[in-house]
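Observations on chain architecture
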Amino acid sequence: MTAVETPRAQAAPGTTASRKWVPPWRNPWRRPYVLATVTWLYILWSLLPVLIAVQFSFNDGRSRSTWQGFSLQWYCCNEGSVFQDPSLLLSLKNSLILGLATVLVATPLGVMLAMGLTRWRSRTSKVANGIALIPLVTPEIVVGSALYLVMVNLYQFVPLGRPAMLLGHVTFSISYVLVIVRSRLLSIGGEYEEAGRDLGASSLQAIRTILVPLLMPSIFASAMIVFASSLDDFVVSQFLYGDAANITVPIKLYSAVRAAPTPALNALATLLLVGSLLALFLAYVGLRARKRGPGSALDDLADYG
Amino acid sequence: MPDAKHGHDRETRRLWPALALPGTLWLIALFLVPTYAVMAVAFSGNINIFGEPIPAWNPLDWQFDTFLTVLSESVSGIYQAVWIRTAVYTFWALVICVGVGYPVAYYSARLAGKRRGLILALILAPWWINYITRMLAWVNLLQDDGYVNKLLGIVGIAPHSWLNGNSFTVVMALAYGYLPFFIIPLFASLDRIDGRLLEASRDLGLGSVRTFLHVTLPLSRLGLITAIVITALPMAGDYYTNTIVSGSPKTSMVGNQIELYLLQGPQKNLGASIVLLLSFVLLFFMLYYLFLTQRAAKDAR
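This structure is a prediction, so every number in the text was calculated from the model and none was measured. Going along each chain's sequence as written, the residues are numbered from 1 onward. Chain labels run from A onward and ligand labels from 1 onward, assigned in the order the entries are written. Only residues with pLDDT of at least 70 get local features here, since the model is predicted, and only at 80 or more are side-chain atom pairs given and counted; chain-wide, interface and lining totals rely on the full set of residues.

A short note on the overall build of chain A
This is how the line gets drawn: What counts as a helix is a DSSP run of H or I of at least four residues, what counts as a strand is a run of E of at least two, and both are numbered from the N terminus. Any residue with 12 or fewer other C-beta atoms within 10 Å of its own C-beta is exposed, any with 20 or more is buried, and the rest are partly exposed; the C-beta atoms used are placed from the backbone. Note on contacts: residues are paired as contacts if their backbone-placed C-beta atoms lie within 7 Å.
When helices and strands are tallied, chain A shows 11 helices and 0 strands. When the helices and strands of chain A are listed from N to C terminus, the series reads α-α-α-α-α-α-α-α-α-α-α. By residue count, 45% of the 305 residues in chain A fall in the buried class. Within chain A, contacts between residues at least 6 apart in sequence are counted, and of these 71% link residues at least 24 apart.

Rendered as structure tokens:
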């Protein structure tokens, strides 16, 4: 940290006493009020609308712009509430199943890929690593339309709907797992497995008993991040969902928002939010298990972003 | 013993490629092949009975008529307005991102002190809130009888219709949507700057402004470029923000045009051609970004 926030403000050494008056913009130790205000205003701007939307999910009326009192009617038991409207409930169920399935397929694939590409030092692995990172920087609309065109025209044995969406979600998720697990692999080095092998473990044993336990926090964190990003995905899902039986929550929100929505839509969004935050919290706990001390896990999450 | 060790080495040498194989095959089948499929559809010369293009899998059968038509219509013709609008919206949204995002990243990375953890958590929070939800939140606020118009009413400004093809709303929504993704890479790079360099600059007599211009800004240049590239890429291909907060052809962007052709009509070769064209435009940014990150990774090692 710089010295800026330390209370040395007036005690800048030596010459300060002989100087008359320093205008605030010349004083490097003044408190950064302007920047602090900008930051807090930004945080307010970025979160307040969402909080208001959550608030309106508890509205005791049909309006999404006028507060009419607290009620849970849009969550349960009223006609048109999340748990009464079949299409809202269906979208929630589809999102959760898809997220879970994506985690189950993408995490092992990504972890294996990360181990293979990191430990296997060759030209081919460098090329493969480069290819594996391209999905991260390709705009979603390009990924979505490419997957859509290939499913419709070439992989016709994969029906649009949950199977196609699963393939699509796994494709963009593998790269996340790769990045997270690879950074951990690079930081722990290869000595532990080598020691295990020197002591007589086969390579597979070394991976299973030494490498996987060492990687566990990052594997867990990447699984949670994959779950959250699958819940969050809109573009790839929209290109691949096929028909109304397979809609996910983001698709439902998108298609309903322009068509006379009720606070039930806000309730659905709130439930999705709770799901993502739960996954995030678990990822945070997982990352924290690896480093002690506050803040470090948050910094890690920031790095993975 | 050396013999056994040698056997081990050969075993592990085969193990790592074997582990990498499934994921690599997956990415080839579901990333590279789909990309090729876009070309096969864009360069298709035949249509089936539904009027949909029959993909030309063999490069020898490629017909470039559709693609060239789309290209010339994009340069001067029916798509020109859409491309210009996309560029203008992306530009202004990026200006807002830099104007708001840089101070926020700078403050939270370097000056936040005790509250750093809290501020970082709050800045990361929108990252985990569904994008569509965040847009939905603004649709609530921007309705004709929503809080924004009520607030303006208190100040004495007449209510405004925000959600019917308003360019200002689209640009603000894009900036709002992508700012979290802009701030974090910038935060990471500002965080890495050695505080002693800034103190040295001050000790050498530079004021805050000149320290910023001559030390902080050059040192965070890579982070700034990363932030701009990774927000510009999805912004340029965005269509859902636009549909949600505007829904009017008056503000339609390239992404809307792609979605229209691919999902709402038979002319998929037009859609695929626009995807290709957009990819070519963005490819430059993507490669530049990959180049920068590879170089940074090499420096870090």
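Back to the write-up after that little detour.
Considering the overall build of chain B
Heads up, the condition is: Two things to know: the radius of gyration comes from C-alpha atoms, and the globule rule equals 2.2 Å times the number of residues to the power 0.38.
The number of helices and strands found in chain B is 13 helices and 2 strands. Radius of gyration (C-alpha) of chain B: 25 Å, far over the 19 Å computed for a compact globule of 301 residues. When its C-alpha atoms are laid out on the principal axes, chain B stretches across 85 × 75 × 30 Å. Here the analysis covers contacts within chain B between residues at least 6 apart in sequence; of these, 65% occur between residues at least 24 apart.

Some details on the interface of chain A and chain B
Heads up, the condition is: Residue classes follow a fixed rule: Ala, Val, Leu, Ile, Met, Phe, Trp, Tyr, Cys and Pro count as nonpolar, while Asp, Glu, Lys and Arg count as charged, and any other residue, Gly among them, counts as polar.
Taken together, the contacts link 82 residues of chain A with 92 residues of chain B. Residue contributions to the side of chain A that touches chain B peak at 13 residues, all from helix H1 (residues 33-56) of chain A. Tallied by class, residues from the side of chain A that touches chain B come to 57 nonpolar, 16 polar and 9 charged.

A short note on the packing of helix H4 (residues 140-153) of chain A against helix H12 (residues 254-263) of chain B
The cut-off we apply is this: Geometry is summarised by axes, namely lines fitted to C-alpha atoms with helices restricted to the contacting stretch, and by angles between N-to-C directions that run from 0 to 180 degrees. Throughout, the term roughly parallel applies to angles under 35 degrees, roughly antiparallel to angles over 145, roughly perpendicular to angles from 65 to 115, and oblique to all others.
Running from N to C, H4(A) and H12(B) point in directions that differ by 10°, and their axes come no closer than 11 Å. The angle between H4(A) and H12(B) places the two elements in the roughly parallel class. Between H4(A) and H12(B), the residues in contact are Ile141(A), Ser145(A) and Tyr148(A) and Gly255(B), Ile258(B) and Leu262(B), respectively. Considering only residue class, the contact of H4(A) with H12(B) consists of 4 nonpolar, 2 polar and no charged.

Looking at the confidence of the model for chain B
In low-pLDDT segments, the atomic positions of the prediction should not be examined closely. Operational definition: Here pLDDT means the predictor's own confidence in every residue, given as a number from 0 to 100.
Here chain B averages 85 in pLDDT, while 95% of its residues score no lower than 70. Of the two predicted TM-score estimates for the complex, the pTM is 0.83 and the ipTM is 0.85.

Concerning the environment of Leu211(A)
Residue and element names in this part refer to chain A. Within the fold, Leu211 resides in helix H7 (residues 203-232). What makes Leu211 buried here is the crowd of 20 C-beta atoms within 10 Å. Separated by 125 residues in the primary sequence, Leu211 and Pro86 place their C-alpha atoms 45 Å from one another. In this structure, Leu211 is in contact with Met115, Glu193 and Ala206, ignoring residues within four places of it in sequence.

Considerations on the domain arrangement of chain A
Residues and elements named next belong to chain A. To keep it simple, the criterion reads: These domain boundaries are the output of an automatic or database domain assignment.
The assigned domain composition of chain A is domain 1 (1-71) and domain 2 (86-304). In this assembly, 7 residues from domain 1 lie in contact with 7 residues from domain 2. Considered class by class, the residues forming the side of domain 1 that touches domain 2 number 3 nonpolar, 2 polar and 2 charged.

Let's talk about the nonpolar core
Using the following cut-off: Think of a nonpolar core as buried Ala, Val, Leu, Ile, Met, Phe, Trp, Tyr and Cys residues chained together by C-beta atoms that fall within 7 Å.
Counting residues in each nonpolar core, the largest one holds 162 residues, and the members touching the most others are Leu147(A), Ile174(A), Val177(A), Leu268(A), Val38(B) and Leu136(B). No other element matches helix H7 (residues 167-192) of chain B, which puts 14 residues into this core. Looking at which domains feed residues into this core, each of domain 1 (1-71) and domain 2 (86-304) of chain A supplies at least three. Every residue in contact with Val177(A), bar those within four places of it in the chain, is listed here: Ala106(A), Thr107(A), Gly110(A), Val111(A), Ala114(A), Ser222(A) and Val226(A).

Thoughts on helix H2 (residues 65-75) of chain B
All names here are of chain B. This is how the line gets drawn: Throughout, the arc means that of the directions going from the helix axis to the C-beta atoms.
Taken residue by residue, H2 has Phe67, Val70 and Ser74 as its buried positions. Each buried residue of H2 lies within a common arc of 65° when the element is viewed along its axis, so the set occupies one face. Those residues of H2 that are exposed and aimed more than 90 degrees away from the buried face are Asp65, Leu68, Ser72 and Val75.

Topic: helix H10 (residues 221-236) of chain B
Count 3.6 residues to each turn of an α-helix, and residues three or four apart come out pointing the same way. Under the convention used in this document: In a helix, the anticipated span is given by 1.5 Å times the number of residues less one.
Over its 16 residues, H10(B) runs 22 Å from end to end, which matches the ideal 22 Å to within 8%, given 1.5 Å per residue. Buried within H10(B) are the following residues: Gly223(B), Thr226(B), Ala227(B), Val229(B), Ile230(B), Thr231(B), Ala232(B), Leu233(B), Pro234(B), Met235(B) and Ala236(B).

Things to note about the confidence of the model for chain A
All names here are of chain A. With 84% of its residues at a pLDDT of at least 70, chain A reaches an overall mean of 81. The weakest mean pLDDT in chain A belongs to helix H11 (residues 296-304) at 52; the strongest belongs to helix H8 (residues 235-240) at 93. Every residue in residues 1-17 scores below 50 in pLDDT, and together they form 16 contacts with partners more than four places removed in sequence or on other chains.

A look at the environment of Ala283(A)
Residue and element names in this part refer to chain A. Tracing the backbone through its elements, the reader meets Ala283 in helix H10 (residues 263-288). Look at Ala283 and you get buried, because 27 C-beta atoms sit within 10 Å. Excluding its chain neighbours within four sequence positions, the residues that come into contact with Ala283 are Ala221, Met224 and Ile225.

Some details on the environment of Gln73(A)
All names here are of chain A. Tracing the chain through its elements places Gln73 in the loop between H1 and helix H2 (86-119). Judged by the 19 C-beta atoms lying within 10 Å of it, Gln73 is partly exposed. The sequence separation of Gln73 and Ser57 amounts to 16 residues, and the corresponding C-alpha distance is 8.9 Å. When sequence neighbours within four positions are dropped, the list of residues in contact with Gln73 reads Asp60, Asn78 and Ser81.

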